[in-house]
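For reference, the chains in residue letters:
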Amino acid sequence: MPASDGFLALSPRCSKPRAQGITHIFDKGLTLASIEGLYEVAGDYIDVAKLGWGSSYITCNLTEKIALYRSLETPVVCGGTLFEVSYTLNKLDGYKSWMSKIGLTHVEISDGTIDLPRERKLELIADFARDFTVLSEVGSKDAEVIFAPYEWVKWIKDELAAGSWKVITEGREGGTAGIFRPSGEMRSGLVEEIAHEVPINDLIFEAPLKAAQSWLIAHYGSDVNLGNIPPEEALGLEALRLGLRSDTLKAILGDG
């Protein structure tokens, strides 16, 4: 628990497990000791841990890592790339069995790199949702691929209807694709159109960089769901959510 006695009387945030205000971290290969250290200072603020790309398939201490995250009340999800590889190699049944065996309860279903027909993706979301909590992802990892806002909106709504718990808007781990331009600038018009048409709590915006996190919090409040957060930024993100950084002080706390 925080060391302060609450003298600022800030608006409280929901405690874990949260359905909104989710912080979804991007684990590129943290050690057990690193996870323990991270949770010592920011564990109250981390809701989902994604094991980047297909790295979970080759992680040496995977079983211990999943057990540690679970003991810390944090579900683990493999990066959508592992789903895409399994689909490409026609190994989805094996992927399901492997996830169940190692104790995973969440799955990411994406098509950011592969060509996955829309109807087939919806069928797979419905299929996986019978056994797992599905986080599906919309958007391409190719920065040159641009979809119209109405396409994003339709696809997101379709995936929620098919059984997704949350739909992730693609941003990559560097914030250079999907809802971002290659320069890292947010496609703010696209984001606003999505947020206007889809309940904000049903979305997780990938926002690895502070500028995007600040913009999303300023526009949609402290309880906007944010993903692909570098683990070392989890505490800083919570400070942004509460107005404890200059970037969001006025947006969250007003001008005094």
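Right above here is the structure, for reference.
Not measured: the values here are computed from a predicted model.

(A) Seen up close, the layout of surface pockets. Approximately 690 Å³ is the volume attributed to the largest pocket. Every residue lining the largest pocket is counted, 23 residues in all, and those nearest its centre are Pro 2, Ser 4, Tyr 45, Glu 238 and Leu 242. Considering only residue class, the lining of the largest pocket consists of 13 nonpolar, 4 polar and 6 charged. Roughly 200 Å³ of volume is contained in the second largest pocket. For the second largest pocket, the lining is made up of 14 residues, of which Asp 111, Ile 114, Gly 139, Ser 140 and Phe 147 are closest to its centre. For the lining of the second largest pocket, the secondary structure elements donating two or more residues are α5 (118-128) and β5 (133-138). For the lining of the second largest pocket, a count of residues per class yields 5 nonpolar, 4 polar and 5 charged.

(B) Layout of the packing of aromatic side chains. The full count for this structure, using the stated rule, is 9 aromatic pairs. Their ring planes at 80 degrees and their centres at 5.2 Å tell us that Phe 26 and Trp 53 sit as a pair that is edge-to-face. One end of the pair, Phe 26, is in strand β1 (residues 23-27); the other, Trp 53, is in the loop between β2 (48-51) and α2 (62-71), with 27 residues separating them in the sequence. What makes Phe 26 buried here is its relative accessible area of 5%. The interplanar angle of 55 degrees and the centroid separation of 6.2 Å between the aromatic rings of Tyr 57 and Trp 98 together place this pair among those described as tilted. Here Tyr 57, found in the loop between β2 and α2, pairs with Trp 98, found in helix α4 (residues 92-102); they are 41 residues apart in sequence, far enough to count as distant. Note on Tyr 57: relative accessible area 61%, which makes it exposed. Every member of this aromatic cluster is reached through a ring pair, and the members are Tyr 57, Tyr 95 and Trp 98. Above the plane of the ring of Phe 128 lies Lys 96, whose end atom (NZ or CZ) is 5.0 Å from the centre.

About the thresholds
Residues numbered from 1 in each chain as written. Predicted model: local features only at pLDDT ≥ 70, side-chain atom pairs only at ≥ 80, totals over all residues. Heavy atoms only, no water. 1 Å grid on protein atoms, 1.4 Å probe; cavity = no way out; pocket = protein on both sides within 12 Å on 5 of 7 lines; lining within 4 Å. Points joined across faces, edges and corners; volume = space filled by probe spheres on them. Nonpolar A, V, L, I, M, F, W, Y, C, P; charged D, E, K, R; others polar. Helix = DSSP H or I, 4+ residues; strand = E, 2+ residues; numbered from the N terminus. Phe/Tyr/Trp six-rings, centres within 6.5 Å; stacked < 30°, edge-to-face > 60°. Buried < 20%, exposed > 50% of the residue type's maximum accessible area, 1.4 Å probe, protein only. Lys NZ or Arg CZ within 6 Å of the ring centre and 35° of its normal.

Without other data, these values stay purely geometric and don't point to any function.
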